Every structure is written in structure tokens, then in C-alpha cells.
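The lines below spell out each chain.
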Number of protein chains: 2
Amino acid sequence: MEQASVGDVSGPARVAPAGEGIGQEELALAARNHGLPLEALRYEVTPPGLHYVLVHYDIPATDADGWALTVGGRVRTPLSLDLDALRAFPAVTHRVTMECAGNGRARLSPRPVSQPWLVEAVGTADWTGVPLGLVLEGAGVRSDAVEAVFTGADHGVERGVEQDYRRSLPLPYATAGDSGVLVAYAMNGLPLPPQHGYPLRLVVPGWYGMAHVKWLRDITLVDAPFTGFQQSVAYRYRWSADDPDDPGEPVTRIAPRALMAPPGFPDFMSRTRVVRPGPVRLYGRAWSGHGAVARVEVSADDGLPPIPAEVASPQQHPWAWQAWSCTWTATPGRHTLTVRATDTEGRAQPLEQPWNRGGFGNNEVQRVAVLCL
Amino acid sequence: MEQASVGDVSGPARVAPAGEGIGQEELALAARNHGLPLEALRYEVTPPGLHYVLVHYDIPATDADGWALTVGGRVRTPLSLDLDALRAFPAVTHRVTMECAGNGRARLSPRPVSQPWLVEAVGTADWTGVPLGLVLEGAGVRSDAVEAVFTGADHGVERGVEQDYRRSLPLPYATAGDSGVLVAYAMNGLPLPPQHGYPLRLVVPGWYGMAHVKWLRDITLVDAPFTGFQQSVAYRYRWSADDPDDPGEPVTRIAPRALMAPPGFPDFMSRTRVVRPGPVRLYGRAWSGHGAVARVEVSADDGLPPIPAEVASPQQHPWAWQAWSCTWTATPGRHTLTVRATDTEGRAQPLEQPWNRGGFGNNEVQRVAVLCL
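Being a predicted model, the structure only gives us computed values, none of them experimental.

1. Some remarks on the sheet that holds strand S12 (residues 216–222) of chain A
Residue and element names in this part refer to chain A.
For step 1, the next point in the chain: One open sheet accounts for five strands, arranged S3-S2-S12-S7-S8; its pairing is mixed. One side of each edge strand has no neighbouring strand; the edge strands of this open sheet are strand S3 (79–81) and strand S8 (161–170). Across the sheet, the mean angle from the axis of one strand to that of its neighbour is 25 degrees, orientation sign disregarded.
For step 2, the next point in the chain: Relative to S12, strand S7 (residues 147–158) runs antiparallel, the two being bridged by six bridges. Each bridged residue has a counterpart across the sheet, and for Ala-148 the counterpart in S12 is Leu-221.
For step 3, the next point in the chain: Against the sheet, helix H3 (residues 132–139) engages strand S2 (69–73), S3, S7 and S12, with an angle of about 135 degrees to S3.

So, in C-alpha cells, the structure goes:
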């Protein structure tokens, strides 16, 4: 008998053919992980338990007592920092909107088989911690270091590869003050919840969630770009359905998106909204990892020109979503409300999503079905 | 043109034929609502955000300031109680395990189309509030009252019926001290999170989640049994696939169940577990709404007799789950671990689930696929 291996329980990445419904494995992921219920867009800072969560393996059993963050590799002074040592650094708080790179995946056709998000994998929190640059300054980064590699305590198998969750960031980006990268120990003023990385996580403002390594236990400075699974195999844009050997391009910053808190009240099963005729206030949040959101437009698919929304200034919290609102005059019948953000660099949400094999960076406009009665 | 109605966005209850994958509507519910990641069974009290959540419509925009709980109907003195008035009553805290009545629905074949839970719709919290009996004593229940009807602030459409979420409990059960029914304003020592009913919810120890009305705004005493949608149409056991007019039996108390924190580490996509050969500690929680759990047994499907687990005493918290643990000696190869609870009234989890049309009260034993390497 051939010896068993982790590959026996870990299939290759797969794309579901058109018409194949969500399977039990995708459902098991959807039941564990969860998105932001869209009505929670009403909160500028997402209350605990409503922020999206994506855990690759298990939430590890961690304890702040005795936790050590080690810093090594191409440094002059390897460090081992406990929570007290990190709290002794000057604390910084950033309000950051975080989004899963796979958000929108289950709207693609054909559908990449993985965590099946629709549009709701997002949330905003106030993260408090130490600027990464200060931590690394203490260790003394050697001049040949090109990247910092971050290792979490979560351990599992993915596409046949047994691994600790591990990602890197380039230097000097990782340590620049205006990047805002933090080693965070508090979320909304409290210790991190277990599912958000207790006791320590990385926060990388403007980047998709895969960069914000949770349960952070080690930072290693390296003199060559990191090529681990989560950097070189997963989290790549591969635009072709036919070339499995395409190395792809790295997934990094968050593409612009606006979401609407669906108006009126819903049907339980279809989630279609019911509104009354007359003026309806529409509101939500919009964000981009490339800069501020410059414009949000709502259309009600009735041949009328889009309604420009008022968009809040990003000034106070440059890495957080911006509130937007407008008034729509509802008339009896069915409508599809569409909301679309454009950032200050001119990036606009696509009306139809370009497909990629991993289902990353999908920011097709949101569409909300409404019946006005 | 016929006039549109809420029925146009709200289809009848439906059972998916065998082989039909989870659809986009079920997925949208799975992305909003969420279960307990099973490794979180390690916590006696579920941390915020890991407790299961099921919201029928939207989480309403509520505010404790100005919130009024009205008490009326067959009472001598109708009341309107704000949060301060409720906090002036003697406070009681109960540790309660809550489970969704639809837990396990997506494992049924054919599958009732609704929130597609697998096994994870459970959680345990410390709920603080006022015994319902004290609140009703203040209002003076008239002798002809037979039930109390509880109305939440969540509003929506379900199977064509526009409604506020509303459920009843029989008197005198609702007010008896040993029923433990609470009007709760705190969860784990803090104000209720929005998704758990802020600022007020009913807690009905031992009953499935549908009884624990969230965003509680009114209690009305009535002189005839309540026949609203959530009481007489939804949340009924209907054992026949062929008789849609079957009134069914009411869903009330939680059937016994044990869950295991899956051992070892998982594969990301299949969630299959990997363990090493040798002794493996297996642990989890078990509960029943009919009394204490008397016995938990684990089998590893290898022809060996089941392993009896040690089960913690329910003494201190009679309405909370009980910890269980045992040691399994893993041998190389594939295994399916099965865990089964039996309560003190002799109710044991079924090895194969009897089917019902709504997919309620499913407590078929959990099965965990494990590869030992």
C-alpha cells in the first residue's frame, strides 16, 4: 500500500462548471466564516461579531500570557517580545477597512471553489498597536534584507501543502511611517477577539485581508523575496482559465467598492427588499486601497441618469471607508439599485467582473433587488 | 396589470430535490448568519462573535435611550418600561446554551431550502436580566390570560406574510421561577450586541433559538393560544413529505447533541482533520433542553467498542452545555469519529436523522473525517 499523505485530504484548486450549485465543502466554509450583514453598514466602526471573518485553518488556542513575538533573520539583534514589551512602545490607533481578497468570488461564473463570498466580506475597526517600523528598528534590520516574513500560529493543509500561515511585505514599504503597518494588540479598544488574531496580528492598511497575518508569532527578515504558498501559489491574479502554470500577479491593495445598506425591509429567503413609494434615503460605505473615494453613483435601472451621492471626507481616517448617501424617489414596481464607486486615481468598479482563476479582487458593482409597493 | 404584493418576492417553502446544490439565496443567508467554528467549543462561554447568529430579517437600528418595553393585553396595569426601570429589578444571570432549531438542516436529503446549517448553529453565553415573572407581576396578569406574546422590532416578509417577528409562551410556564425565562439586557456582562437583540431580548433556557425573541419591544398577554406565523406556520415538525396541510407539532425544547472540537489540524477546503498516531485527546460539549446529559460516547468506526467520555457535572449551570473528553488512540489511516450524547431522560442522538419538512430539531450524530499520518 502506498503511504498516505496530506495530499489525500487536500485536492487541487478547482473551478465549478456552470450550473454546479454550492457544495458541502464550500457550505462548511460559509458556515464557519462570515460576512458583514449589509444593514451593519450603518455603523462607522463595525461592532464585534459583525466584522467579516476568514480563518484559513483553525482559530488557534492562544494565550497572551507567555506569548512571544520573535524577530529574527537579517537583523543585528534577534528579539523576543512579550505583550508587555510591545505595550511599552508608543501606541498608535488606525481606523482601517479590511476586506477579504476573495470577496465576490461566488458571483463569478464559472465559480472558483473556495470560500464562497457574495459581497459582504468587509468590516472596519480601530486597531491599536506598535508601528512595525519601531519594532524592526529595535532589532536593527541588516542592509541586505529585502522583505519581512510574518508567521501566524494557525497551522493546516492547503492544496496539499502543510503550512503555518505565512505572508511577506517588501521593505522599505513595511516599515515606512506612512504605510501605517501595525503590530496590533487591540481592536476597538479591547484585546483582539480570538477570531481576529488574539493576542497579536499584523494590520496593513489598504491591503486585502490576506496580508494582515493573525496570531502573529514571528517576523523574519530575508534577503530574497519570499516564495511561500500564500505568496506565490495562493493570492495571485491569474486571468486565464486555460493556463494552470501561469505564475500570475500578486494580490495586494483593495480595489474600490461601494456597498449599500439595502433599503426598506427584506423577504427572509430571497432577501429582496420592499419599500414604499416616495423618497427613500439610500446610504452605505465606499472604500479603495489606492486612495480616497472620489465619487459614488446610484442607478435605479429605469433609464434615468445615475444619482450622485454625497460622500464623506476621508480626512480623519484615510484608511477607513467613507459614508455616502443620496435620496431615491421610489415608484411602484420592481427596481434594481446599482451602486458604483470611483476613487481619486480614477479606478471605477466594473459593471461586469473580469474573471480570474482564484476569484480575487472582485469588485463588480453591487445590485440590490427592490420591490416598491 | 394585477397589483404587486409582497408575495411577489416571497416564494412558498420548498424542498430541494436530491442533487440540487446550495443555491444563491441559501448562500446569501449562510454569508449573513454564522455558526460556531467548532474549535471554539474549547470555550465554556463563547467569545463575542463566535456564538451562532440567525436573523430572520434585518438587524434593526435600535437605541437603548428611549427604548420602551410595553406590557399589555390581559393585564390589570399596562406598563411601559425603559432600560432603567428594568435594571431596577433584581438582576439574575443564567448561563444558557442556545441552538438554532434549524441546525443540521443542510445535512437532510431532500434538503428543506432555508438557512443551510450543517452542525454549528450553537453557542453559550451568560445572560443577565429580569425574570419574566417579575415583570409580569408588576403588570398584574388577569386570570383569563393563557399565553404571553413577545414581539421583536425586526420586520420583514416570510413566505408571503409581512410581519414583525413574534412568538408566544404558555402561562404559567413563562413566569415560573424554575423555567428561568429572562428579559435580558446583558450578554457576558456587556450590553447585548446588535445581532443578539440590543437592547433587550427574551431568553428561554432549554428552548431552541426561535423562542428567544430579540429586540423585544412588546409583551401582550392573550386569552387564547397565539396562532401567528412563527408559531403555527414556521417552526413546526411536519414529518410527511406529502401532506402540505399537516399542521405539525410545535418546535420547543432542544434535542440532545454532542459536538467535538475536531482534533489535529484541518485541510482548508475539505476540513478533513490530520492527526499523528498515538493518544489523541478528544473533547467538546454536550447539551439537551430536556435535562442534563448523562452519557457521551465516541466511536472511531473501526469495529472497536465506543469510547465512553468523561462528562462534566451540570450542577452549577443547569441550562449550559457540559464539557466532555476522552482519549482515542489514533492509528495510521482514515477514520470517522462519531460522537453521541444521551440525556438523563434516555433521549439519544439518532444515527440517521428522521426527516421533517422544515428541517427542525436535527440532532443526528456528528461525524468527523480524520486522516492519521
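This is not the end of the story, as more comes after the structure.
2. Side note on the domain arrangement of chain A
Residues and elements named next belong to chain A.
For step 1, the next point in the chain: For chain A, the assigned domains are domain 1 (6–250) and domain 2 (257–372).
For step 2, the next point in the chain: Across the boundary between the two partners, domain 1 contributes 44 residues, which contact 27 residues of domain 2.
For step 3, the next point in the chain: At the boundary of domain 1 with domain 2, total buried surface from both sides reaches about 3,200 Å², with 57% on carbon and sulfur atoms.
For step 4, the next point in the chain: Taken together, the connections running from domain 1 to domain 2 amount to three salt bridges.
For step 5, the next point in the chain: In this structure, Glu-44 and Arg-285 form a salt bridge, with 2.8 Å as the shortest nitrogen-oxygen distance.
For step 6, the next point in the chain: Linking domain 1 with domain 2 are 17 residue pairs in polar contact (both at pLDDT 80 or more), by the criterion used here.
For step 7, the next point in the chain: At the level of secondary structure, the elements contributing two or more residues to the side of domain 1 that touches domain 2 comprise strand S4 (92–99), strand S6 (122–131) and strand S13 (236–237).

3. Points about the relation of the copies chain B and chain A
Look at the two chain copies: a rotation about an axis and a shift along it is all it takes to match them.
For step 1, the next point in the chain: Superposition record for chain B on chain A: RMSD 0.0 Å, screw rotation 180 degrees, translation along axis 0.0 Å. Here the two chains are linked by the operation of a two-fold rotation axis.
For step 2, the next point in the chain: Comparing interface residues between copies, 100% of those in chain B also sit at the interface in chain A, which points to an isologous, same-surface contact.

4. Quick notes on the sheet that holds strand S17 (residues 273–275) of chain A
All names here are of chain A.
For step 1, the next point in the chain: Read from one edge of the open sheet, six strands run S16-S17-S24-S23-S19-S20, paired in mixed fashion. Sheet topology places strand S16 (265–266) and strand S20 (307–308) at the edges, where each strand pairs with a single neighbour.
For step 2, the next point in the chain: In the sheet, S16 pairs with S17 via two bridges, with the strands oriented antiparallel. Paired with Pro-266 across the bridge in S17 is Arg-273.

5. Overview of the interface of chain B and chain A
For step 1, the next point in the chain: Taken residue by residue, the interface counts 66 residues in chain B and 66 residues in chain A.
For step 2, the next point in the chain: Interface of chain B and chain A: buried area, both sides summed, is about 5,800 Å²; carbon and sulfur atoms make up 62% of it.
For step 3, the next point in the chain: Contact with chain A buries area across many residues of chain B, yet Val9(B), Phe268(B) and Met269(B) alone supply 14% of it, more than any other trio.
For step 4, the next point in the chain: Run the count over chain B and chain A and you get eight salt bridges.
For step 5, the next point in the chain: Across the pair Asp58(A) and Arg271(B) runs a salt bridge, and its minimum N-O distance is 3.1 Å.
For step 6, the next point in the chain: Our count for the chain B to chain A interface comes out at 35 residue pairs in polar contact (both at pLDDT 80 or more).

6. With respect to helix H1 (residues 24–32) of chain B
The α-helix winds at 3.6 residues per turn, so residues separated by three or four positions along the chain end up facing the same way.
For step 1, the next point in the chain: Counting buried residues along H1(B), seven of its nine residues qualify, which places the element largely inside the surrounding structure.
For step 2, the next point in the chain: All of the buried residues in H1(B) are Glu26(B), Leu27(B), Ala28(B), Leu29(B), Ala30(B), Ala31(B) and Arg32(B).

Reading the values: rules and limits
Residues numbered from 1 in each chain as written. Chains lettered and ligands numbered in written order. Predicted model: local features only at pLDDT ≥ 70, side-chain atom pairs only at ≥ 80, totals over all residues. Heavy atoms only, no water. Pairing = 2+ DSSP bridges. Helix = DSSP H or I, 4+ residues; strand = E, 2+ residues; numbered from the N terminus. Axes fitted to C-alpha atoms, helices over the stretch in contact; angles between N-to-C directions. Contact = heavy atoms within 4.5 Å. Domains from an automatic or database assignment. Buried area = accessible area lost by both parts, 1.4 Å probe. Salt bridge = Lys/Arg side-chain N within 4 Å of Asp/Glu carboxyl O. Polar contact = N/O pair within 3.5 Å; in protein donor to acceptor, adjacent residues only side chain to side chain. Least-squares fit on C-alpha atoms with pLDDT ≥ 70 in both. Buried < 20%, exposed > 50% of the residue type's maximum accessible area, 1.4 Å probe, protein only.

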